[in-house]
Amino acid sequence: MGVHMTGKTHLSVGTAAAVCVTQPQTLSSLLLCLGTAAIGSVISDIDVTTSESREQLNKISILTVLVIAALLFAEWKWNVGIRYRFQKESNLYRLAVSFIIFLGVCTFGKNQPHRSFMHSLPALVILNGIVYGIFPDLTPYFFTAMLSHMMIDMLNYKNVRILYPLKFGISLDLCHASGLVSRALFYAGLAVLSVMVLLLLYSMYFV
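Residues numbered from 1 in each chain as written. Predicted model: local features only at pLDDT ≥ 70, side-chain atom pairs only at ≥ 80, totals over all residues. Heavy atoms only, no water.

What follows concerns the overall build of the protein chain. Helix and strand content of the protein chain: 8 helices and 0 strands. Listing each helix as α and each strand as β along the protein chain from the N terminus yields α-α-α-α-α-α-α-α. Relative to the 2.2 N^0.38 estimate, which gives 17 Å for 207 residues, the radius of gyration of the protein chain is 17 Å and therefore close to what a compact globule would have. Summarising its shape, the C-alpha atoms of the protein chain cover approximately 45 × 40 × 25 Å along the three principal directions. (Helix = DSSP H or I, 4+ residues; strand = E, 2+ residues; numbered from the N terminus. Rg over C-alpha atoms; globule rule 2.2 N^0.38 Å.)

Here it is as C-alpha cells:
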C-alpha cells in the first residue's frame, strides 16, 4: 500500500474544507478560495521521496501555474475584482519578495524526509506567514487546505512529524493511505465542494 494519500484526495478534501470554513461571499473571494486551497491542499507533498517524487512535484507546479492562469483569465474576461483587492492590500514588491521566500522554504522542505517539515506545524505557520505577505486575503484558504492535508495523513500508519524538528510523530493507524478510504474521502470532498459552491453562488446571485 502507498504511504501517502493520493493528490486528488487531498485536492478535493482541502478545497472543500476551505470553502466550508471560510464561506466566501463574493465571486472574487470564491475564485481566490478555490485557487489558493487547491495549492495549499497539495503543497506538503513536495517532500515525497519515492520514485514518484519528480512526478508529484511536476503536478504541483503545473497546478500552481494553471491556478494563476485561471485567476488571471477570470479577471481579464469578467473583471471579478481580484486586481482591485490585490492593489488595495498588497503590491508587486511584496509579491516578488514573498514569492522568492516561499520558493526557498519549499526547496528546503522538498529535501527533507517525507511527512517531516512540510507536514509540520512550523511549516504551516511559516508558509502561511509568507502567503499573508503575498496577499493577506489568501491566508485562511491556504491555512485550512494545508491543515486538512496534515490531518488526513495522520489517519494512516506512517507518522506525521507534526512538531518538526522533533522526532515525535502522530499516526492514528486507522487505514492505509491508498485504497477504499482514500477513494471515499475523494468522493466525499468532491460532493461537499460541489454542494457548497452551488449554494454560495445561489446566495450571491439569487438571494
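Following the structure, the description resumes.
For the rest of this paragraph, the subject is helix α4 (residues 82-89). For α4, every residue scored as buried is listed here: I82, R85 and F86. For α4, the buried positions fall inside an angular range of 100° around the axis, keeping them on one side. Seen from the open side of α4, the exposed residues pointing more than 90 degrees away from its buried face are R83, Y84, Q87 and K88. (Buried < 20%, exposed > 50% of the residue type's maximum accessible area, 1.4 Å probe, protein only. Arc of directions from axis to C-beta.)

Okay, the pattern of salt bridges next. Pairing is possible between side chains that carry opposite charge, provided their charged atoms lie close to one another. Overall, the coordinates contain 2 salt bridges when judged by the stated rule. Here R85 makes a salt bridge to D137, at a shortest N to O gap of 2.4 Å. Of this pair, R85 sits in helix α4 while D137 sits in the loop between α6 (121-134) and α7 (139-153), placing them 52 residues apart in sequence. This pair shows no difference in class: R85 is buried, exactly as D137 is. Here R115 makes a salt bridge to D153, at a shortest N to O gap of 3.4 Å. In this pair, R115 sits in the loop between α5 (92-110) and α6 while D153 sits in helix α7, placing the two residues 38 residues apart along the sequence. (Salt bridge = Lys/Arg side-chain N within 4 Å of Asp/Glu carboxyl O.)

Here we take up a nonpolar patch on the surface. A cluster of nonpolar residues, L121, L163, L166 and F168, forms a patch on the protein surface that exposes about 360 Å² of accessible area. Tracing the backbone through its elements, the reader meets L121 in helix α6. Judged by its relative accessible area of 37%, L121 falls in the partly exposed class. (Patch = residues over 30% accessible without salt bridge, like charges linked within 9 Å, V, L, I, M, F, W, Y side chains within 5 Å. Areas by Shrake-Rupley, 256 points an atom, 1.4 Å probe, with all protein chains shown as cover.)

Further remarks concern the environment of L200. Checked against the element boundaries, L200 lands in helix α8 (residues 180-205). Residues L200 and C106, spaced 94 residues apart in sequence, show a C-alpha to C-alpha distance of 33 Å. Ignoring anything within four residues of it in the chain, the contact list for L200 reads V19, Q23, P24, Q25 and L30. (Contact = heavy atoms within 4.5 Å.)

Size it by volume and the largest pocket reaches roughly 950 Å³. In terms of lining residues, the largest pocket is bounded by 32 residues, among which I39, T64, I68, F99 and I134 are the most central. The set of elements that each furnish at least two residues to the lining of the largest pocket consists of α2 (27-42), α3 (53-78), α4, α5 and α6. Considering every element that reaches the lining of the largest pocket, the biggest residue donor is α3, with 10 residues. The class makeup of the residues in the lining of the largest pocket is 24 nonpolar, 5 polar and 3 charged. (1 Å grid on protein atoms, 1.4 Å probe; cavity = no way out; pocket = protein on both sides within 12 Å on 5 of 7 lines; lining within 4 Å. Points joined across faces, edges and corners; volume = space filled by probe spheres on them. Nonpolar A, V, L, I, M, F, W, Y, C, P; charged D, E, K, R; others polar.)

Here the structure, examined in full by the defined rule, presents 8 aromatic pairs. Geometrically, the ring pair formed by F186 and Y187 is edge-to-face, given 4.9 Å between the ring centres and 65° between the ring planes. Note on F186: relative accessible area 15%, which makes it buried. Exposure remark for Y187: the relative accessible area of 52% places this residue in the exposed category. A cation over an aromatic ring shows up here: K8 above the ring of F186, its NZ or CZ 4.9 Å from the ring centre. (Phe/Tyr/Trp six-rings, centres within 6.5 Å; stacked < 30°, edge-to-face > 60°. Lys NZ or Arg CZ within 6 Å of the ring centre and 35° of its normal.)

Let's shift gears to the side chain of S98. Tracing the backbone shows S98 in helix α5. Residue S98 is classed as buried on the basis of its relative accessible area, which comes to 10%. If near-sequence neighbours (up to four positions away) are discounted, S98 is found in contact with I130, G133 and I134.

A separate point is the nonpolar core. With 45 residues, the main nonpolar core has L32, I43, F102, L127, F142 and M146 as its most contacted residues. Every element with two or more residues in this core is listed here: α1 (7-22), α2, α3, α4, α5, α6, α7 and α8. With 7 residues, α2 is the single largest residue contributor to this core. If near-sequence neighbours (up to four positions away) are discounted, L32 is found in contact with L71, I82, R85, F135, L138 and Y141. (Core = buried A, V, L, I, M, F, W, Y, C linked by side-chain atoms within 4.5 Å.)

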